[in-house]
Every structure is written in structure tokens, then in C-alpha cells.
Amino acid sequence: MADVCSEFAASEDTLTNAEIDAATYSFNFDFHPNAEGHTVIADVMTSAYESESAAE
């Protein structure tokens, strides 16, 4: 099983496009992963796949 949610929650980096800048009243509610977020997802999925393959 791949637990992407835990990796996102544990990260200190911003892994989505969403941001709120109160100083400029700029809001971006796009919660899709950014490039770094996609890398985290790929790493988690690859690790899960490799673990599953090794168990077979």
C-alpha cells in the first residue's frame, strides 16, 4: 500500500499549488500537487511497487 497522505502531512515543504498571501490578498485554492508534490507521489508509489514486487 502506498501512503501518500502521510508523506504530504510530514513534509515541511509546500507540495501543492495552494497558497494564501495575506499581504497581497492573493489566493490560490488549487490543491493539486506541484512539481515537488508529484515527485513525492512518484517516490512513494515506486517504493510501494518495489516492496510489493520483492514480496512475490
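Residues numbered from 1 in each chain as written. Predicted model: local features only at pLDDT ≥ 70, side-chain atom pairs only at ≥ 80, totals over all residues. Heavy atoms only, no water.

J.: Even after reading the chapter, I still don't get the overall build of the protein, so can you show me in this structure?
T.: Counting its secondary structure elements, the protein contains two helices and two strands. The linear arrangement of helices and strands in the protein, starting from the amino end, is α-β-β-α. In terms of overall size, the protein is more extended than a compact globule, its C-alpha atoms giving a radius of gyration of 15 Å where 56 residues would be expected to give roughly 10 Å. Taking the principal axes of its C-alpha atoms as reference, the protein extends roughly 55 × 15 × 15 Å. Counting across all 56 residues of the protein, residues that qualify as buried make up 14%. Considering only contacts within the protein whose residues lie at least 6 apart along the sequence, 30% involve residues at least 24 apart. (Helix = DSSP H or I, 4+ residues; strand = E, 2+ residues; numbered from the N terminus. Rg over C-alpha atoms; globule rule 2.2 N^0.38 Å. Buried < 20%, exposed > 50% of the residue type's maximum accessible area, 1.4 Å probe, protein only. Contact = heavy atoms within 4.5 Å.)

J.: Just to check I follow, could you spell out the packing of aromatic side chains for this structure?
T.: Each aromatic ring pair is specified by the distance between its two centres and by the angle formed by the two planes. On inspection of all chains with the given rule, the structure shows one aromatic pair. Ring centres of Phe27 and Phe29 lie 5.9 Å apart, and the angle between their planes is 10°; this geometry places the pair in the stacked category. What makes Phe27 partly exposed here is its relative accessible area of 48%. The exposed category is assigned to Phe29, whose relative accessible area is 59%. (Phe/Tyr/Trp six-rings, centres within 6.5 Å; stacked < 30°, edge-to-face > 60°.)

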